[in-house]
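# Examining the three-dimensional arrangement
Residues per chain, in single letters:
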Amino acid sequence: MVDTLPSEFDVIVIGTGLPESIIAAACSRSGRRVLHVDSRSYYGGNWASFSFSGLLSWLKEHQENSDIENDSPVWQDQILENEEAIALSRKDKTIQHVEVFCYASQDLHEDVEEAGALQKNHALVTSANSTEAADSSFLPVEDESLSTMNCEMLTEQTPSSDPENVLEVNGAEVTGEKENHCDDKTCVPSTSAEDVSENVPIAEDTTEQPKKNRISYSQIIKEGRRFNIDLVSKLLYSRGLLIDLLIKSNVSRYAEFKNITRILAFREGRVEQVPCSRADVFNSKQLTMVEKRMLMKFLTFCMEYEKYPDEYKGYEDITFYEYLKTQKLTPNLQYIVLHSIAMTSETASSTIDGLKATRNFLHCLGRYGNTPFLFPLYGQGELPQCFCRMCAVFGGIYCLRHSVQCLVVDKESRKCKAVIDQFGQRIISEHFLVEDSYFSENMCSRVQYRQISRAVLITDRSVLKTDSDQQISILTVPAEEPGTFAVRVIELCSSTMTCMKGTYLVHLTCTSSKTAREDLEPVVQKLFIPYTEMEIENEQVEKPRILWALYFNMRDSSDISRSCYKDLPSNVYVCSGPDCGLGNDNAVKQAETLFQEICPSEDFCPPPPNPEDIVLDGDGLQPEASESSAIPEANSETFKESTNLGNLEESSE
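Residues numbered from 1 in each chain as written. Predicted model: local features only at pLDDT ≥ 70, side-chain atom pairs only at ≥ 80, totals over all residues. Heavy atoms only, no water.

The name given to the chain in an unreviewed UniProt entry is Rab proteins geranylgeranyltransferase component A, with Mandrillus leucophaeus as the source organism. Here is the UniProt Sequence similarities (unreviewed entry) comment for the chain, exactly as written: "Belongs to the Rab GDI family." What UniProt records for the chain under Subcellular location (unreviewed entry) is the sentence "Cytoplasm, Cytosol". (UniProt positions renumbered as here; feature names shortened; annotations may be inferred.)

Here it is, written out as structure tokens:
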């Protein structure tokens, strides 16, 4: 298929992150001919999700990618006298300071069956000071594991690049059908009954029944496809831009969501639940009756603060933290409002920003559950794929593992006119959208990037134990030292389809001041303990135990002006990677802004057409007719879809 690509498109999109995927879907929906390519073997870029073995393979690819040397360009002969080329980078430098630690015990009598399995390095369990050992020990032992995992990751983590197959996969019911979902998303041959029997809860698979919480590394490997580990950790505000876009475009039919069940606070060394709704406030045992009335009065003001300018006009030049001190709030309430409702820090937000954040939190309450947040089943990486599916339905062409060597620029007009791919094919287009990571060091020499510190932990229980083991939680741990940042902790249970039963997947995120491990390890030590043989014997341990940990820094390329990129042609648009924020509004705003530059008179991702209104003529929608006929009605039915979106967490129990 690759060597028979059409030679001309209206829009070429390079990279399959969330902003690029939204733009590709919007352009395809508006009738543009879209080519969407990515040199990676999976969808999503730094927005992707991986199975456990897929993540190990990604780590190996990351190290091998750092060793790539740009060969002498073979496309130079195709550049004409009136043209010049902008070479694109083959190295992905967005991920740095990767460190992996395995604390779970390795049962030597058990065979590790998943491809790309990481054998436990005992030195890492006893000593966490050797960075070099950490960097070299996370790699799979066998060389051939990379090629095996590339194939597995492509289908395990992504939809098929064939539009018909994409729709078949997503037409299936995914709630409560994890085995079927895995089978649809992997290129492994049909699973036998023997293989399925291995995917049982941990307690049943453990040889020593009294040690109920004993989880070995071999078990994590065996259940590896039950993990969907996000590179970037985010949630969806229930009234945020992305939810509105999913409903408006009807892309929500490709995904399902769970409601975040609780919001936590960390204070004085303890984790406690924060009341969200009015009922939670008045049922809370943590607050006195006076505090409950104080809190309700302040939150009622925040909902309509703009109507009472006298209450905040004199405090616009101070931080939200200082403003809270002027209100009739106890220190306990100030802490809850600042860190768990506004989700900011003492120095990060002004009074107006804090009031806006608080109002947004309250505005999102109650739409889909008791908290303002939703999480997509199977991970954040599902969202770019959903928009890729929409693009494919309306005729977009997808090519993974297909690199673009250079952009061809006309010297007179200073506009990009074509790209040359890895096979030397010249593909013409009017508009080009490029993910920031594809640009060379020379083009980005004036760009000042921020960094995001990330940690991913697999633990054996929740940070706040309750009667239910299926809690999805968000927790903000305030910064303690000047120059550091608050750490956001998102804890996912197995019902989100992101981890195996008996474990939790914990994501930690903050703006970087040092390496990820240096930034996040102090918080990890406050909330968790390493999983060791001695701790296994101690059933009275209060903190959750870490089975496996990954630290890395990710580039934050958001909010960078296009003028920072050297000699960027006017019809080449830059898409940034994930930012450090909790929501996805930045990606949606970026996508809509760029779409309006390409298609200024077009509606951004309108509802799909009613099949009964489609008229087929000689030049019509014949290739898409069969796809469009499967799309629900747009106008009144769209709102029914949004109701279904709200009920997803109930249907997935």
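After that view, the rundown keeps rolling.
This part covers the overall build of the chain. For the chain, the helix and strand inventory stands at 23 helices and 23 strands. Out of the 653 residues belonging to the chain, those deemed buried represent 57%. Considering only intrachain contacts with a sequence separation of at least 6, the fraction spanning at least 24 residues in the chain is 75%. With an accessible surface of roughly 27700 Å², the chain has 48% of that area assigned to carbon and sulfur atoms. (Helix = DSSP H or I, 4+ residues; strand = E, 2+ residues; numbered from the N terminus. Buried < 20%, exposed > 50% of the residue type's maximum accessible area, 1.4 Å probe, protein only. Contact = heavy atoms within 4.5 Å. Areas by Shrake-Rupley, 256 points an atom, 1.4 Å probe, with all protein chains shown as cover.)

For the rest of this paragraph, the subject is the sheet that holds strand S1 (residues 11–14). Reading across from one edge, S12-S2-S1-S16-S23 is the order of the 5 strands in this open sheet, with parallel pairing throughout. Looking at which strands have only one partner, the edges of the open sheet turn out to be strand S12 (397–400) and strand S23 (572–575). When the angles between neighbouring strand axes are averaged without regard to direction, this sheet yields 15 degrees. When S1 meets strand S2 (residues 34–38), the two strands line up parallel, connected through 4 bridges. Residue pairing for S2: isoleucine 14 is matched across the bridge by valine 37. In this fold helix H17 (residues 382–393) packs onto S2 and S12, with an angle of close to 130 degrees to the strand it touches most, S12. Across the face of the sheet, helix H20 (residues 585–598) comes into contact with S1, strand S16 (431–435) and S23 while running at roughly 175 degrees to S23. (Pairing = 2+ DSSP bridges. Axes fitted to C-alpha atoms, helices over the stretch in contact; angles between N-to-C directions.)

With that out of the way, let us pick up the side chain of asparagine 571. You can see asparagine 571 is positioned in the loop between strand S22 (545–556) and S23. Among the polar contacts made by the side chain of asparagine 571, one reaches the main-chain carbonyl oxygen of cysteine 416 at a distance of 2.7 Å. Setting aside residues up to four positions removed in sequence, asparagine 571 forms contacts with Lys415, Cys416, Glu430, His431 and Phe432. (Polar contact = N/O pair within 3.5 Å; in protein donor to acceptor, adjacent residues only side chain to side chain.)

This part covers the packing of aromatic side chains. A full pass over the atoms with the stated rule returns 18 aromatic pairs. Here the aromatic rings of phenylalanine 298 and phenylalanine 301 are separated by 6.2 Å at their centres, their planes lie at 50 degrees, and the arrangement is tilted. In this pair, phenylalanine 298 and phenylalanine 301 both sit in helix H13 (residues 289–303), 3 residues apart, roughly one turn of the helix. The residues phenylalanine 298 and phenylalanine 301 share a single accessibility class, namely buried. (Phe/Tyr/Trp six-rings, centres within 6.5 Å; stacked < 30°, edge-to-face > 60°.)

Where helix H1 (residues 18–29) contacts H17, the axes come no closer than 8 Å and their chain directions differ by 20 degrees. Put simply, H1 runs roughly parallel to H17. The two elements H1 and H17 cross, and the hand of that crossing is left-handed. The residues of H17 that touch H1, namely those facing Leu18, Ser21, Ile22, Ala24, Ala25, Ser28 and Arg29, are Leu383, Pro384, Phe387, Cys388, Met390 and Cys391. Classifying every residue of the contact of H1 with H17 by side-chain character gives 10 nonpolar, 2 polar and 1 charged. (Parallel < 35°, antiparallel > 145°, perpendicular 65-115°, else oblique. Left-handed = near helix turned anticlockwise from the far one by under 90°. Nonpolar A, V, L, I, M, F, W, Y, C, P; charged D, E, K, R; others polar.)

With that out of the way, let us pick up the sheet that holds strand S4 (residues 83–87). Strand pairing in a sheet takes place through backbone hydrogen bonds and is either antiparallel or parallel in direction. Here 4 strands make up an open sheet; going across it, the order is S4-S13-S14-S15 and the pairing antiparallel. On the outer flanks of this sheet lie S4 and strand S15 (426–428), each paired with one strand and no other. Averaged over neighbouring strand pairs, the angle between their axes works out to 30 degrees when direction is ignored. Where S4 meets strand S13 (residues 404–410), 5 bridges bridge the pair, whose relative direction is antiparallel. Paired with alanine 85 across the bridge in S13 is valine 408.

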